[in-house]
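Summary of structural features
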Amino acid sequence: MACPKDHSRVMSQNSAPAEERPAPAIAPKRYRAMVIALYAVAVGLRLARYACGRLSGENALIGSTAEEFLHGNFPFFLLGKNFFGTYDAMLSAPLIFLFGPSSYILNLWPPLFSLIVMVVVHRALIRVLDPPGVLAGLAFMAVPPSLWLLYSGYAQTHYSLDVVLSALLLLQTVRLSQAPRWSAGQAFWWGLAAGAGLYTNPQTVCVFLACAAFLLVTAWRRVRPLNLAAFCGGGLLGGLPVLCYYALHDLTYKKQLASVFGWHYLPPNLKAFLFNSLPIIVGFNTKISGDELFVGSPRFWAYAAVAMLMAVGMGALSWRGLRGRPREAALPPLVAAVNLAVLLFSVYGLALASYRQAYLLPWYLALPFCWGLAASWAARWRTWALWACLALIIGVSVSGYPRYTYHGLPLFLPPSRQYAENQLCQEQARQLRQAGVAGLYALDSWLIGYYTDGDPLAVHPWAARKPMHAHHVDAMADPLFYGDFLADAPGLLGLAHKTAPVAGQPGRWGFAQPDKGRLLERRNWRAASLDGLDLRRALNDNDLATGFQTPANAAPDQGFVLDLGAAHAITGVGLIPADHAQTPAGLRIEASIDGVGYCTLAQAAHYRGPFYVSGPHPFLRLFHGRVESWWPARSIRYLRFTHLGPARHPWSVREVLLWGPAGPGQRATDWAQTADELTRVVAALKPKRVYADAWAAAVLRLRLDHEPWISLSQPYDNTGAQTMELGHWPRLDPAPGTVVVLEAAEAPAARLGLERWGFIFEERRAGRLVAFNLLGQRLGPRIEPAAVSSASDPRRAAALTGAGPGDGPWSSGGPQNQGGALVIDLGLSQPVRWLELHCPSAYKDFARGLAARASDDGHTWRVVEITPAGPLAFSGQALLAQSGAVTAYHLENGLKARYLELSLDTGEPRWWWSVEKLILRAPPRPDRATRRQVPPNNPQVVAIR
């Protein structure tokens, strides 16, 4: 341990402090004894946290990542988290290999890392403060506030390891600042700590920016080419995994900085920092962390005094640094300031209002210097004031321990609990293996998966973690749903299945296959909400942008009735929501022949979904799912859907799909054979993009692993990179090289949708599935209208011909109502096949319920069938149009006319109807490539269209 005489030796000439009143001397023996005592207390406190620790499911991902290393896989990041590095998992891998999975292995590292941080900060304190200040800083690190003590025994080691590397970066910055000349070795170690820290946890960027800025301002004259090369070399070596990852993967999915940073984050984030985060990090509990901190209460004023003292200390450190007493004193406040600025002005600062304050851990590198300076001041006044200051620092920290909670659990649990949890998890893994389970879905899957080590595979039903394991379980024929997390969803799904306790938890498996004979043609349907609103064709207009939606959070007895126009034999229904969050909290489905007497087909008072069938088994997916229900075939004309119970979100249905029964001659292919055939078909096509539902996508990812995939299986690919924007249906890329995979029962509707939007494609049968290989899009020549007229804004309507200048889009001049026609004069009678309406400047002003009439003379009109055709989106079961900035419509085949009238057949009180550009296209010229062909030498090819 260093004694007081060491302090003068570490100061450089450039940073020697100015004269000031000296602190009273502390005898070397007493100084050493106090340092040893503080380290002893620190070790004891960390050992207590280690014995009283636990392992949560999220932290078990570190153990699962370590097991991947043992299996010969080398993930760049923690499984499914493409932002946390795996250095900490590498440390655990040898111990897991020797002793097997255990919470004691993963909980070993945080206390060790915490002690390393204390040692490193101690070395930095010696270079900046006098002995009383060093003792106070050490006291703060030895007996830290509850938050840092939590992470000193919390198995989220990428946070505690990040603080270790950040501390090393700070210490090396101080050393470089005080060195008269830089050696290549010093520069290399600085770069190594920076690179390793940025890979381990991106929040190291705050410390990196502060240290780099400090060196740039104070020591830029000492930079030499060799030093610069050493900086870069160390950084490249420390961050080599992340650099390899970025070099090998497309990162176009990353959010733009404009959406991450903004001034609008400042007010709520600043309030959360002052009244939640700052109290927690200095040692006071708030409501979030297990106690109240009422404004005006004695505890609040105590917090305010400590916060004020901290602010004064930060300011004084900065002032001392500017005056060179020493200048390195300005570095800790700079670290805290950069970290706070990043949080206050970014989306990451929203966490400041929660119990998770991990983003503020770099403050524990700055606060020891702050309290150390305060103790140094106290020691210059009176000797006893130093001891009072040390007692106050320790007392504030200790006072928060008893009532501090994280996830509802205290800092110190009974040691027997960790032992019992380990025994329980190990026994659970043994029983699952004994039951012959190969794969399972469970809410605590991350914890189960760590202890089972892949036998069986355990994955979360919907969260994007452990993607490779998730693909394996998704592709299985009959995985186990383990636990009681499905609520009443299986009852609404309506498929017979097995239920029994498995390894101490309820299990569901062996779901029967639905009767999917054919997808009903969606003509002549009409819908109305239960409160009387006429929805007309909104639920069967082939458009994902329109449909039924509750105006606010869904309430009981809201819903709609669907009239099919005639009775049909129906076996199941699929409701496609706007996104995964707008599914019902509870639902009742009723059927009727006459619209008077209804019988209940299915009901779920507490629904968790979307819960639907893909391939041989159901999926509970919160991304791109749909609500499904199946029943024995029965004749139905009216279907009534009623919401049950209150919800905390709206309920929406954009499109309704109905299935009829299979014919007597239809024979279902085995799903295992289907998987083999699908793999052969897609491998032979060598596509650039594959759109497939959950099960088919998982099969193809495992067997081919060909990127880029666009699917509905998992929102992340095998390495952790996101493949689609969550919450939206993936748009169909019309370029050649696209393959769409659907079940055979849904193929006719997909074929019609592709033909409506002018696609040339080939079909290949793969067991129960059909693969559509897109060969391109063939649209007819553009038709230039002679004139466009409208009673609403005729000047801008006339400009839609493109002949004259336009000063903005044409609009209906108010909310959409029935009528509001645009009349297009083509100049002469000619064939018309497609219509495109563009309005990118007001993309929500697309027409709801567009109707069309045609005329040859402008006097006699006939109704024309018009259907949204594109752009197409993939729902997993269908290809549906999605209106927006551009909406394409297909006009009935064989249409020939001079005049075309467009009008609205429904109302929309929230949006106008606007058109910025209008494009008409004729049918394509006859070409052999668009006609039906069956190549004689390739029996897999069903058709080319």
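Residue positions are given per chain, counted from 1 along the sequence in the order it is written. Given that this is a predicted model, residues contribute local features only at a pLDDT of at least 70 and side-chain atom pairs are listed and counted only at 80 or more, while totals for whole chains, interfaces and linings are drawn from all residues. Hydrogen atoms and water are omitted, and side-chain values are computed over all heavy atoms in the structure.

**Remarks on the overall build of the protein**
Keep this limit in mind: For the purposes of this entry, the term helix denotes a DSSP run of H or I that reaches at least four residues, the term strand denotes a run of E that reaches at least two, and both are numbered from the N terminus. Buried means the residue's accessible area, taken with a 1.4 Å probe over protein chains only, is under 20% of the maximum for its type, while exposed means over 50%, and partly exposed covers the values in between. Here, Shrake-Rupley sampling with a 1.4 Å probe gives the accessible areas, and only protein chains in the shown set may cover a residue.
Tallying secondary structure elements over the protein gives 27 helices and 38 strands in all. Within the protein, the proportion of its 945 residues that are buried is 57%. Surface accessibility of the protein: about 38200 Å² in total, with carbon and sulfur atoms responsible for 60%.

**Quick look at the UniProt feature "transmembrane region" (unreviewed entry) in the protein**
Rules: UniProt positions are given in the numbering used here, feature names are shortened, and annotations may be inferred rather than shown by experiment.
Mapped onto the present numbering, the UniProt feature "transmembrane region" (unreviewed entry) falls at residues 108–126, 133–151, 188–216, 228–248, 300–322, 334–355, 361–379 and 384–404. Measuring from the first to the last C-alpha atom of residues 188–216 gives 16 Å, for a span that is 90% helix and 0% strand. Note that residues 384–404 is 76% helix and 0% strand, and that its end C-alpha atoms are spaced 31 Å apart.

**Brief notes about the side chain of Q816**
What counts, and what does not: In protein, a polar contact means a hydrogen-donor-capable atom and an acceptor-capable atom, both N or O and within 3.5 Å, with residues adjacent in sequence counting only if both atoms are side-chain atoms; elsewhere, any N or O pair within 3.5 Å suffices. Residues count as neighbours in contact if any of their non-hydrogen atoms are within 4.5 Å of one another.
With respect to the helices and strands, Q816 occurs in strand β26 (residues 810–816). Accessibility expressed as a relative area gives 1% for Q816, which makes it buried. Engagement of the side chain of Q816 in a polar contact is seen with the backbone oxygen of F846, the distance being 2.8 Å. Residues in contact with Q816, not counting those within four places in the same chain, are D845, F846, A847, R848, L904, T906, G907, E908, W911, W912 and W913.

**Points about the sheet that holds strand β35 (residues 896–904)**
Within a sheet, each strand pairs with its neighbour through backbone hydrogen bonds, oriented either parallel or antiparallel. Stated precisely, the cut-off is as follows: Any two strands with at least two DSSP bridges between them are considered paired. A fitted line through C-alpha atoms serves as each axis, taken over the contacting stretch for helices, and the angle formed by two N-to-C directions is quoted from 0 to 180°.
The 5 strands lie next to each other as β25-β27-β35-β29-β30, forming an open sheet whose pairing is antiparallel. Each edge of the open sheet is held by one strand with a lone partner, namely β25 (787–789) and β30 (862–864). Averaged over all neighbouring strand pairs, the angle between strand axes comes to 25°, with direction disregarded. In this structure, β25 lies alongside strand β27 (residues 819–831), joined through 3 bridges in antiparallel fashion. When the sheet's bridge partners are listed, S789 is paired in β27 with V823.

**Details of the sheet that holds strand β31 (residues 866–870)**
Taken together, 5 strands build an open sheet; the order of strands is β24-β37-β28-β34-β31 and the sheet is antiparallel. The outermost strands of the open sheet, each flanked by one partner alone, are β24 (782–783) and β31. When β24 meets strand β37 (residues 917–921), the two strands line up antiparallel, connected through 2 bridges. The residue of β37 that forms the bridge with I783 is L920.

**What about helix α19 (residues 383–399)?**
What counts is decided by this rule: To estimate how far a helix should reach, multiply one less than its number of residues by 1.5 Å. Each C-beta atom gives one direction from the helix axis, and the arc is the one those directions make.
If you check α19, its first and last C-alpha atoms are 25 Å apart, about what 17 residues at 1.5 Å a residue would give, namely 24 Å. Those residues of α19 not exposed but buried are A385, L386, C389, L390, I393, V396 and S397. Taken end-on, α19 shows its buried residues confined to a sector of 145°, consistent with a single buried face. Residues of α19 that are buried make contact with α2 (28–51), α7 (131–142), α8 (146–151), α15 (266–282) and α18 (367–381).

**Brief notes about the packing of helix α10 (residues 184–200) against helix α12 (residues 225–238)**
Filter applied, for reference: Each angle gets one of four labels, with under 35 degrees taken as roughly parallel, over 145 as roughly antiparallel, 65 to 115 as roughly perpendicular, and the rest as oblique. A clockwise turn of the near helix away from the far one marks a right-handed crossing, whereas an anticlockwise turn of less than a right angle marks a left-handed crossing.
Relative orientation of the contacting elements α10 and α12 amounts to 30°, with a least axis distance of 6 Å. As far as their axial angle goes, α12 and α10 are roughly parallel. Considering the relative orientation of α10 and α12, their crossing is right-handed. Between α10 and α12, the contacting residues are A184, A187, F188, W190, G191, L192, G195, A196 and Y199 on the first element and L226, N227, A230, F231, G233, G234, G235, L237 and G238 on the second.

**Thoughts on the packing of aromatic side chains**
Quick note on the threshold: We call Phe, Tyr and Trp rings a pair once their centres come within 6.5 Å, taking the six-membered ring for Trp, and we label the pair stacked below 30 degrees between planes, edge-to-face above 60, and tilted otherwise. A positively charged side chain is recorded as over a ring if its NZ (Lys) or CZ (Arg) lies within 6 Å of the ring centre. The angle to the ring normal must also be within 35 degrees.
Counted according to the given criterion, the structure contains 39 aromatic pairs. Aromatic side chains F284 and Y303 sit 6.0 Å apart centroid to centroid with 70° between the ring planes, which places their arrangement in the edge-to-face category. Taken together, the residues F284 in the loop between α15 and α16 (298–322) and Y303 in helix α16 connect sequence positions 19 residues apart. Relative to W651, the ring of F548 lies with its centre 5.3 Å away and its plane at 75°, an arrangement referred to as edge-to-face. With F548 in strand β11 (residues 548–549) and W651 in the loop between β17 (627–643) and β18 (652–653), this pair connects stretches of sequence that are 103 residues apart. On the basis of relative accessibility, which here comes to 1%, the residue W651 falls in the buried class. Grouping aromatic residues by their ring pairs yields a cluster made of F84, Y151, Y154, Y159 and Y406. A cation over an aromatic ring shows up here: R833 above the ring of W834, its NZ or CZ 5.7 Å from the ring centre.

**Points about the environment of E68**
Checked against the element boundaries, E68 lands in helix α3 (residues 60–70). For E68, a relative accessible area of 11% corresponds to the buried category. Each C-alpha atom of the pair E68 and L79 lies 9.2 Å from the other, and the pair is 11 residues apart in sequence. In contact with E68, not counting residues within four places along its chain, are N73, P75, L79 and H469.

**Description of the pairing of strand β22 (residues 759–766)**
Look at any regular strand and the pattern is simple: side chains alternate between the two faces of the sheet. Summarising burial for β22: 7 of the 8 residues are buried, a large majority. Where β22 and strand β23 (residues 769–777) come together, 8 bridges link them in antiparallel fashion. By the bridge assignment for β23, R764 is matched with A771.

**Concerning the nonpolar core**
Threshold: Definition of nonpolar core: a set of buried residues of the types Ala, Val, Leu, Ile, Met, Phe, Trp, Tyr and Cys, connected through side-chain atoms within 4.5 Å.
Judged by nonpolar contacts, the single largest core of 130 residues is most densely connected at V117, L147, Y151, L278, L361, W363 and F369. Those residues within four positions of L147 in sequence are excluded, and the remaining contacts are I280, I281, Q357, L361, Y364 and Y404. Formed by 84 residues, the second largest nonpolar core is a distinct cluster that contains L457, W462, F511 and I589.

**Notes on unusual backbone geometry**
Cis geometry marks the peptide bond from R325 to P326, where omega comes out at -15°. Tracing the sequence through the fold places P326 in the loop between α16 and α17 (331–344). Unusually for a residue other than glycine, A487 sits at a positive phi of about 55°. Within the fold, A487 resides in the loop between β5 (480–482) and α23 (489–493). Within the chain, R536 stands out as a residue other than glycine whose phi angle is a positive 50°. Relative to the elements of secondary structure, R536 occurs in strand β10 (residues 534–536).

**Here we look at the pattern of salt bridges**
For the record, the criterion: Basic side-chain nitrogens of Lys or Arg form a salt bridge, by our definition, when they fall within 4 Å of a carboxyl oxygen of Asp or Glu.
Under the definition given, this model contains 30 salt bridges. Across the pair R430 and E427 runs a salt bridge whose closest N-O atoms are separated by 2.5 Å. In this pair, R430 and E427 both sit in helix α20 (residues 415–434), 3 residues apart, roughly one turn of the helix. Residue classification places R430 among the partly exposed positions, given a relative accessible area of 40%. Residue E427 is classed as partly exposed on the basis of its relative accessible area, which comes to 31%. Ionic pairing is found between E655 and R522, a salt bridge with its closest N-O pair at 2.7 Å. Here E655 is found in strand β19 (residues 655–660), whereas its partner R522 is found in the loop between β8 (518–519) and β9 (526–529), with 133 residues between them in sequence. Of the two residues, E655 and R522, neither departs from the other in class, the shared state being buried. Several salt bridges converge on common partners, so that one network encompasses R526, D534, R536, R537 and D905.

**Details of the packing of α20 against helix α21 (residues 445–452)**
Contact pair α20 / α21: the axes reach a minimum separation of 9 Å and the direction vectors enclose 75°. Relative to α21, the element α20 lies roughly perpendicular. Packed against α20, whose contacting residues are N422, C425, Q426, Q428, A429, L432 and R433, the element α21 presents L447, I448, Y451 and T452 at the interface.

**Some points on the environment of D515**
On the secondary structure map, D515 appears in the loop between β7 (505–509) and β8. By relative accessible area, which is 31% here, D515 ends up partly exposed. For the pair D515 and W630, spaced 115 residues apart in sequence, the C-alpha to C-alpha distance is 7.8 Å. When residues no more than four places from it in sequence are discounted, the contact partners of D515 are T571, W630, G660, P661 and A662. At 2.9 Å, the side chain of D515 forms a polar contact with the backbone nitrogen of A662.

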